[in-house]
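These are the residues of each chain, in order.
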Amino acid sequence: MFNKILIANRGEIALRIIRTCKEMDILTVAVYSTADKDSLHVRFADEAVCIGPPASADSYLSIPKIMAAVEITNADAVHPGYGFLAENADFAEVCQQYGIKFIGPTPEMIRKMGDKVTAKETMIKAGVPVVPGSDGLVKDVKEGQKISKEIGYPVMIKATAGGGGKGMRIVKSEDKFEEMWDSARKEAKSSFGNDGIYVEKFVEEPRHIEIQIIGDQHGKVIHLSERDCSIQRRHQKLVEESPSPFMTDELREEMGKAAIRAGECINYEGVGTVEFLVDKYRKFYFMEMNTRIQVEHPVTEEVIDHDLIKEQIKVAAGEKLTGENYIPQLHAIECRINAEDPYNGFRPSPGKIESFHSSKGHGVRVDTHVYAGYTVPPYYDSMIAKLICKAQTRQECITKMRRALNEFIIEGIKTTIPFHKQLMEDKNFIEGNFDTSFMDTFRLNERD
Ligand code: MV4
């Protein structure tokens, strides 16, 4: 097992990783920018190293600075958390070269899944269903139009370096294709420095359902069931839950098998998520694979009663997986609490938290790094807490979430709590009647 892990991250996930390390008797090193000097991850780690000014590029995204911190503290592993360097194959490679274990998959696996066309080709080989579309990259408008005519409009233009909706366009008819193609290419070029484009059939009214997997270094891959992440806004997830209200035992069996095949075909090592689009007929299609621990991992932890960070560290240290596929026994929902004003287009609302009282009680979990008197810096992600509730049934879980939201007090800054309160009263949400377009039509009532 590792002696000392450096956590190359900040916020709630840095704290979350430190907690598990302590329970495993592993020493911890925090790294922090000057904006985070009063953060709890700095206080709770065994050691802390300042790695630079607030800008991420000069601190949490700086490979030389992180490696210098590894060197001076003599850490033998790095946990990247999510975001920042978590899916940076070059960083994983530098760790490898220095003999430091990057807690995650190999650089090759990260690269393969990071390029969407390569990922899709890999999935076809593994027998995982994918959305019908172009055979790899499309070279020009003419070829794109020819393929689109064959598969039928509407189609989606996607960037191979994409993710998070950048460089993505829906095209409804042939006469719009050229314009969409040009703008998608430009956006992909400026966002990723890569203008490789592919085309696929547009899947109507899809749900976003993802399967959590974990693989060890001995070729074993299991799945830990699904999370429904359809409640999103501009590709930012707001609420996640497990099981999906749309799931059936049969569909879980099929999607679970497909996700395991996806992992097995690349000898996947570590925790990962296979994202699928699921249409109204319950047909599912591979969308992308995330090669990291995700924000919403607690939802799975609650329904299967296992610490995923602990399992992740164990497989990274070479331990064999013992468990089998897990099926949810309870229901869990996570509400992301962001320092944003839901009444003003979810505009960021950094600043000083004057008072803070977190919800408590049976079946309530709050993962957060903030406290009364803490100042939310403007430089990073606006998520300040995750409120996770679990109960026997979805209905009870929603009822508990309403109760927990009502006792959460955060004063001094605006948060997304009022949005979550109204969502938990929404008829369509309660009935499980939603897809990824839910937020396009959801309207917040006036401030109450
Ligand atoms: C799609 C799709 C419909 N059809 N692909 C959005 C982010 C990127 N990872 C893929 N995305 C989508 N790909 C086809 N062929 C719809 C989306 C999509 C979406 C997917 C998951 C969650 C929210 C979404 C919101 C808008 C569009």
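Note that the structure is predicted; figures quoted are calculated from it, not measured.

K.L.:
Describe the sheet that holds strand β11 (residues 236-242), with residues and values.
P.N.:
Overall, antiparallel pairing links the 8 strands, which are arranged β13-β12-β9-β10-β11-β14-β21-β19 in an open sheet. One side of each edge strand has no neighbouring strand; the edge strands of this open sheet are β13 (284-290) and β19 (364-368). Each strand axis lies, on average, 25° off the axis of its neighbour in the sheet, ignoring direction. Both strand β9 (residues 207-215) and strand β12 (residues 270-278) contribute to a ladder of 9 bridges, which runs antiparallel. Bridging from a neighbouring strand, Ile211 pairs with Val274 of β12.

K.L.:
Can you explain the packing of helix α7 (residues 141-151) against helix α8 (residues 174-192)? Please cite residues and give values.
P.N.:
Two quantities define a packed helix pair, namely the angle between the helix axes and the distance between the axes. Close contact between α7 and α8 brings their axes to 10 Å; oriented N to C, the two are set at 135°. In terms of orientation, α7 and α8 fall into the oblique class. Between α7 and α8 lies a crossing whose hand is right-handed. Contacts from Val141, Gly144, Gln145, Ser148 and Lys149 of α7 reach α8 at Glu174, Phe177, Glu178 and Trp181. Per-class residue counts for the contact of α7 with α8 are 3 nonpolar, 3 polar and 3 charged.

K.L.:
I'd love a proper account of the packing of aromatic side chains, names of residues and values included.
P.N.:
Applying the stated rule across the entire model yields 13 aromatic pairs. Ring geometry for Phe276 and Phe284: centres 5.4 Å apart, planes at 90°, overall edge-to-face. Note on accessibility: Phe276 and Phe284 belong to one class, buried. Judged by centre distance (5.4 Å) and plane angle (65°), the rings of Tyr371 and Tyr374 are edge-to-face.

K.L.:
Can you tell me about the nonpolar core, naming the residues and giving the values?
P.N.:
Ranked by internal contacts, the top residues of the largest apolar core, which has 37 residues, are Ile231, Leu387, Phe408, Ile410, Leu423, Met424 and Phe429. Those elements that place two or more of their residues in this core are β11, β14 (331-338), β19, β21 (383-391), α12 (394-407), α13 (417-423) and α15 (438-441). Here Leu423 is in contact with Ile231, Val239, Phe429, Phe438 and Phe442, once residues within four sequence places are set aside. If you look at the next biggest cluster of nonpolar residues, it comprises 32 residues, including Ala14, Ala30, Ile222 and Val299.

K.L.:
How would you summarise the pattern of salt bridges if you had to cite specific residues and measurements?
P.N.:
By the definition in use, this model includes 40 salt bridges. Between Glu269 and Lys101 there is a salt bridge, with its nearest N and O atoms 2.6 Å apart. Of the two residues, Glu269 is situated in the loop between α9 (249-265) and β12 and Lys101 in strand β5 (residues 101-102); the sequence distance between them amounts to 168 residues. With relative accessibility at 9%, the residue Glu269 sits in the buried group. One salt-bridge network, in which partners are shared between bridges, spans Arg16, Glu301, Glu302, Asp307, Arg365, Asp367 and Lys390.

K.L.:
Residues and numbers for the site of the ligand, please.
P.N.:
Taken together, 16 residues surround the ligand, and among them Lys158, Glu200, Lys201, Val203 and Glu288 come closest. Side-chain polar atom of Glu200 to a nitrogen atom of the ligand: 3.0 Å apart, as the coordinates give it. Between the ligand and Val203 there is a distance of 2.9 Å, counted from a nitrogen atom to a backbone nitrogen or oxygen. Surface burial for the ligand is 88%, taken as the share of its 520 Å² of free accessible area covered by protein chains. Taken together, the elements giving at least two residues each to the shell around the ligand come down to β6 (155-159), β8 (197-201) and β13.

Rules used throughout
Residues numbered from 1 in each chain as written. Predicted model: local features only at pLDDT ≥ 70, side-chain atom pairs only at ≥ 80, totals over all residues. Heavy atoms only, no water. Pairing = 2+ DSSP bridges. Helix = DSSP H or I, 4+ residues; strand = E, 2+ residues; numbered from the N terminus. Axes fitted to C-alpha atoms, helices over the stretch in contact; angles between N-to-C directions. Parallel < 35°, antiparallel > 145°, perpendicular 65-115°, else oblique. Left-handed = near helix turned anticlockwise from the far one by under 90°. Contact = heavy atoms within 4.5 Å. Nonpolar A, V, L, I, M, F, W, Y, C, P; charged D, E, K, R; others polar. Phe/Tyr/Trp six-rings, centres within 6.5 Å; stacked < 30°, edge-to-face > 60°. Buried < 20%, exposed > 50% of the residue type's maximum accessible area, 1.4 Å probe, protein only. Core = buried A, V, L, I, M, F, W, Y, C linked by side-chain atoms within 4.5 Å. Salt bridge = Lys/Arg side-chain N within 4 Å of Asp/Glu carboxyl O. Near = heavy atom within 4 Å. Polar contact = N/O pair within 3.5 Å; in protein donor to acceptor, adjacent residues only side chain to side chain. Areas by Shrake-Rupley, 256 points an atom, 1.4 Å probe, with all protein chains shown as cover.

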